[in-house]
Structure formats: structure tokens, C-alpha cells
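Given next are the chains, with one letter for each unit.
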Amino acid sequence: MARDRPSQELNRVVFEGDNLDVLRGINSDSMDLVYLDPPFNSNKVYEAPVGSKAAGAAFKDAWTLSDVDLIEHNRLKREHEWLYALIHAAQRTHSKGMFSYLMMMSPRLFELRRVIKPTGSIYLHCDPTASHYLKLVMDGIFGSSNFRNEIAWERTTGRKAGKQYGRTHDVILFYAKSQNNVWNAPTVPQSEESVRGHDLMRDQGGLYRMSDFSGAGSGPARRFGDREIEPPAGRHWMFDQRGVDRLMKEGRVAFSRTGRPRLKTYLKKLPGVAVRDIWADIDPINAAAQERIGFPTQKPVALLDRIIGASSNEGDMVLDPFCGCATTLVSAEFLNRQWCGIDLSPKAAELVVQRIREKQDMISFRDFHHAIDVPIRTDVEREKASTPKERGELKNRLYNDQEGRCNLCRHEMGGIQHFEMDHIVPRAKGGQDWVDNFQLLCANCNRIKGQGSQEAARAKIAKYMGMNFAVFE
């Protein structure tokens, strides 16, 4: 169901568009949990196979200077000099592609920090290609004291390694907004690995370990079946006669070769083990997985179940700004959370409905909105540029910010008089006369963009005109 009016009613909404534009329209302190699985800067192109449920979904995971927004570049350079220096260092140590990737991610991470509640958290899913660079950026934006974990998720069991160790894990960076983040400590069942050091045995009840039946301090004998047995000297049986009778009936008493009773404790009865920061117990999506829809970088629902269960409560709002195949949204729905997602592709909205319907066997999925607009913040008064005087002053400011270049083709035009004011998010799609929704374009680029998106215009211009990005060299 498409919605044509901006709103702060965000539950069960998938926004189609640039997540930076959408995030800027979301009220501050409104999200309890953010999970994002952005492109990794892996220098690959991913595409769902024809015939799969996700057919038509594709994205480029290779970043160049053509992907850098000039206004954001200059704003970051002016307002966050420390971060710009860090990103520029990444260009020197890695590549221009890493510079472009971090320039794309940084303004989005600033907006995500703003929209997360003081008790909220963020999980950024990446891989070793950019994880260490992203951690520096996250330390700066969220604060190193709010870093919680670097989680290693084993996403595959074997890769040909060549002259290196096999690369089998993704990285998930877990940060809180403050020291008061929601935390529901997750556990996993006991296993042979978790009780190593104990001799394990198996019977019809499963795996069990043997433990002492006695404790320190003297005590009386107890009857075990037809035998009365004294405890060892200076010790007592840990159960009274009623308890011994119950354990005997349950088959939880075994006897050593010398006839001493021992307590059988089944692993499935032991308290769960706290989850640590290496996750090898959640299988990746393989070719036979029932939940597989063919999306190139699909993550398993179990992975999101753990994250959402640990860092949110029922009724909380979960946001995925790169929602792709909608796994986060599906998990949140069935864990009784509110949720919203953002993606450039309309396929995300199709997939969330399809996947929830299949799992619930629902004929219809109501209260869902596929939004093509941008929400309007209701928590602040935003600076507007509605009058001719305000627009004139803003035009001069933008001319300086853009260093006299068109914000799409990036050519110098030889004076402010050759530029036209443009709404980055068109009015037809919810854009307002806010200062941060304006840019300067040359007349040709303004005609090409029209009422379309920034991304569509950028693609057209790159294809038909060619572009020069020496400004970032």
C-alpha cells in the first residue's frame, strides 16, 4: 500500500528512496534499535538470479569519487574536521574508493545517532574490508566509551585461501547511544563445547555429566532404593529423603564402581550459556535454506532474532536503513516490535509483504505502507528559505559550499548567475523549502533532474555527459 503523505507514523513503513533524505525527516530520539547491513565496499556487483523471489534486486558495491555528494563533502570538511582528516587518511592507506565509501557512510551515521533514543543501540554489519575504518568513524560519532562489541559471525565454513587463512567471518560493530542501553542478555543451550573438562555420557535422556551427590558438613544416611548409604566422612547428602526418592524415580542417580551415588545432570537442563562475541552457531543462508529468496547478501532471520531480542523490548521501534530483502523487518514483526525500513529499490517493499504473508500464511498483510515520500520532522522548527531574500542569501552560501560547481555534473559555471536553485527532494515527493533541501545546479542538470531523484539524475548525467571529479583529488 503506497502512502503519499509525509508522516511520523513510522510503524510498518518501508521508504523507497535515499536513506539520508529519509533519515533527515525522522524525529530525534525515536528509534530503539538500528541494524544496518550497508554495502561493504567489496568492489563487486550483486544481482539476484532470474526466477528467484528477489529477482530484479541488484546493487553495485564499488565506490568511486562519482558517488560523493559535493555538499556533504564540504559540510563534513567544514563541520567535522577531525572526521574528514580520518577519512582522508583512509584514502592514503587504502584507496579513493574507501574515501568515497566512508564519505557516503559518515553523514548517515550522524543522522542515525540523532534518531536513536538514549537507551538505544546500533549494530553495523560489515566485513574486514572496511570494518577497521568504520570502527574509527563509529568511535568518533558514537563515542569510544559506547563501543560494546566487535562481533565475528561465521558466515561460511570454507573458502579457498591461497596464501592466507580462509576468510569466513563478517564483522558486526555494536554501539550504544549511552551507558543506559537496553540489554536482554542472550543465552544458548549448553553443549559439549561449553562443558568441556567434564566427562560426558549419553543415555536415552541425552548427554549428561556426573557430579558429586554430597556437600561439606556431616549428615545422616539416605536410602537409595533398597540400600541405605552413609555419606563420606565429614559430608552430607545434598538432598533429603524425599529428594533422593524423586531423583531415583527420574533415573538421575547413578552409582560408581565402589557403589557411591552420583548425580546425573543433563545438558538440556543446565542454565543457558551467555552468548559471546564469536557467533558460529547461526548458519548462513545456503542453497537449501527454506528462507532463501535469492537476494545476493541475504542474512538469516536467526541472526536478526538474536540482535533484536538482545537490544530491544516488545513494542520497541526497530529501523533498518538498508533493508534490502527485509530480513530485519520480518524478524521484528514476529518478535512483536514496531519496525520501519529504507531502501533505494521498490523490491524491499514487495519482499517484506511476501515474506510475512508466507510465514503467517496470511491472505493479506494490513497496516503496511510503501512510502515514496520523505517524512517531515515534527520535533523541531527547521530553517526555511521561502522568501526571495532568504533564497538569495542561501544561494550565496550554497555557491561557496559547492565551490562554484554544479552539484550534479560538478562543472564550474563561471559565476553564481549561471546556477539555478533546486529542491534535492522534489516537492512532489514531500520535499520542503528547508535550507538543507536546496542545491545549486546548472540549467542543463536541473532540466535532466526535473522531478526525479538525485540518484536517477546522477546516473543519467554520468552515462550521457561524462564527469570530472578532480575536485576530490
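For the structure itself, consult the block above.
Residues numbered from 1 in each chain as written. Predicted model: local features only at pLDDT ≥ 70, side-chain atom pairs only at ≥ 80, totals over all residues. Heavy atoms only, no water.

S.K.: Provide a residue-level description of the overall build of the chain, including the pertinent values.
M.R.: When you go through the chain residue by residue, the secondary structure sums to 12 helices and 24 strands. Considering only intrachain contacts with a sequence separation of at least 6, the fraction spanning at least 24 residues in the chain is 67%. Accessible surface computed for the chain: about 23600 Å², of which carbon and sulfur atoms make up 49%. (Helix = DSSP H or I, 4+ residues; strand = E, 2+ residues; numbered from the N terminus. Contact = heavy atoms within 4.5 Å. Areas by Shrake-Rupley, 256 points an atom, 1.4 Å probe, with all protein chains shown as cover.)

S.K.: Describe empty space enclosed by the protein, naming the residues involved and giving the relevant values.
M.R.: One way to see where empty space is left: roll a probe the size of a water molecule over the atoms. Inspection of every chain in the model, using the stated rule, returns one cavity of 30 Å³ or more. For the largest cavity, the calculated volume is near 150 Å³. If you trace the largest cavity, you find 14 residues lining it, with D21, R382, V425, W434 and N437 closest to the centre. (1 Å grid on protein atoms, 1.4 Å probe; cavity = no way out; pocket = protein on both sides within 12 Å on 5 of 7 lines; lining within 4 Å. Points joined across faces, edges and corners; volume = space filled by probe spheres on them.)

S.K.: Would you mind going over the pattern of salt bridges in detail, with residue names and values included?
M.R.: For the structure shown, the criterion picks out 22 salt bridges. Residues R377 and D379 are paired through a salt bridge, measuring 2.9 Å at the closest nitrogen-oxygen approach. The class of D379 is partly exposed, set by a relative accessible area of 33%. (Salt bridge = Lys/Arg side-chain N within 4 Å of Asp/Glu carboxyl O. Buried < 20%, exposed > 50% of the residue type's maximum accessible area, 1.4 Å probe, protein only.)

S.K.: Describe the pairing of strand β24 (residues 438–442), with residues and values.
M.R.: For β24, a buried count of five out of five residues is recorded, marking the element as mostly surrounded by other parts of the structure. With five bridges joining them, strand β23 (residues 419–423) and β24 adopt antiparallel strand pairing. Residue pairing for β24: M421 is matched across the bridge by L440. (Pairing = 2+ DSSP bridges.)

S.K.: How would you summarise the sheet that holds strand β11 (residues 206–212) if you had to cite specific residues and measurements?
M.R.: Taken in spatial order, the four strands of this open sheet run β10-β11-β17-β16, and their pairing is antiparallel. Edge positions in the open sheet fall to β10 (200–203) and β16 (253–255), since each of these has one partner strand only. Strand-to-strand twist of the sheet, defined as the mean angle between neighbouring strand axes without regard to direction, takes the value 45°. Pairing analysis gives three bridges linking β16 to strand β17 (residues 261–266), with the strands arranged antiparallel. Pairing of F255 across the sheet is with P261, part of β17. (Axes fitted to C-alpha atoms, helices over the stretch in contact; angles between N-to-C directions.)

S.K.: Describe the environment of M138, listing the residues and the values that go with them.
M.R.: As for its placement among the helices and strands, M138 is situated in helix α5 (residues 131–142). Overall, M138 belongs to the buried group, its relative accessible area being 0%. Once residues lying within four places of it in the same chain are set aside, the contact partners of M138 are L109, I122, L124, G143, L173 and Y175.

S.K.: Requested: an account of helix α2 (residues 70–79), with residues and values cited.
M.R.: Looking only at α2, the buried set comprises L70, I71, E72, H73, N74 and L76. Turning to α2, the residues buried within the fold contact α1 (19–24), α3 (81–93), α4 (96–115), α10 (388–401) and β24.

S.K.: I'd love a proper account of the packing of α4 against α5, names of residues and values included.
M.R.: Packing of α4 against α5 brings their axes to within 10 Å, and their N-to-C directions diverge by 30°. The orientation of α4 with respect to α5, classified from their angle, is roughly parallel. Crossing of α4 over α5 shows right-handed handedness. Of the residues in α5, those in contact with M98, Y101, L102, M105, S106, L109, F110 and R113 of α4 are Y133, L134, V137, M138, I141 and F142. When its residues are assigned to classes, the contact of α4 with α5 shows 12 nonpolar, one polar and one charged. (Parallel < 35°, antiparallel > 145°, perpendicular 65-115°, else oblique. Left-handed = near helix turned anticlockwise from the far one by under 90°. Nonpolar A, V, L, I, M, F, W, Y, C, P; charged D, E, K, R; others polar.)

S.K.: Give a description of helix α8 (residues 327–334) that names residues and reports values.
M.R.: For α8, the tally of buried residues reaches seven of eight residues, placing the bulk of the element in the interior. If you check which residues of α8 are buried, you get T327, T328, L329, V330, S331, A332 and E333. Count one or two residues on from α8 and you reach N336, which has phi positive near 65°.

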